[in-house]
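Observations on the three-dimensional arrangement
Single-letter residue listing:
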Amino acid sequence: MGVIMPIILDLLYREYCRARLAEMRKQLLIAAERFEALEADYLLSDQSDDERTAAHRKTGRSAPH
């Protein structure tokens, strides 16, 4: 029994660490996906603003909003 207890605790600790790392990786992937989505939305809004400005410069009239 003296040898089994440290082995069980070691296995439990390793399983805990494995599960914790998996959860951390999952959170990082979710955060990365959110960042990419926000970045894509930002780039799209910048592009449309640039197109409105370019249209205004070409025609001399303001673009519809």
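Conventions adopted
- Within every chain, residues take consecutive numbers counted from 1 along the sequence as written.
- Residues qualify for local features only when their pLDDT is at least 70, as the model is predicted, and side-chain atom pairs are given and counted only at 80 or more; totals for whole chains, interfaces and linings, by contrast, use all residues.
- Values reported for side chains reflect all heavy atoms of the structure, with hydrogen atoms and water molecules removed beforehand.
- Each helix is a run of H or I in the DSSP string that is no shorter than four residues. Each strand is a run of E no shorter than two, and both are numbered from the N terminus.
- Exposure categories follow from relative accessible area, calculated using a 1.4 Å probe and restricted to protein chains: below 20% of the type maximum is buried, above 50% is exposed, and the middle band is partly exposed.
- Each accessible area is a Shrake-Rupley estimate made with a 1.4 Å probe; only the visible protein chains count as cover when residues are assessed.
- Like charges within 9 Å and nonpolar side chains (Val, Leu, Ile, Met, Phe, Trp, Tyr) within 5 Å are joined into patches, using only residues over 30% in relative accessible area that form no salt bridge.
- Only one rule defines a salt bridge in this text: a Lys or Arg side-chain nitrogen within 4 Å of an Asp or Glu carboxyl oxygen.

1. Considerations on the overall build of the chain
Helix and strand counts for the chain stand at one helix and zero strands. Buried residues in the chain amount to 2% of all 65 residues. Roughly 6,300 Å² of accessible area belongs to the chain as shown, and the carbon and sulfur atoms make up 63% of that amount.

2. Comments concerning a nonpolar patch on the surface
On the surface, I4, M5, I8, L9 and L12 cluster together into a nonpolar patch covering about 490 Å² of accessible area. Relative to the elements of secondary structure, I4 occurs in helix 1 (residues 4–59). For I4, a relative accessible area of 48% translates into the label partly exposed.

3. Here's the deal with the pattern of salt bridges
This model, assessed by the stated rule, comprises two salt bridges. For D10, the salt bridge is made with R14, and the minimal N-O distance between the two is 3.2 Å. Remark: R14 and D10 occur in helix 1; sequence separation between them is four residues, near one turn of the helix. When its relative accessible area of 33% is taken as the criterion, D10 is described as partly exposed. Of the charged contacts, one joins R18 and E15 as a salt bridge, the two residues approaching to 2.6 Å between their closest N and O atoms. Of the two residues, R18 and E15 both sit in helix 1, three residues apart, roughly one turn of that helix.

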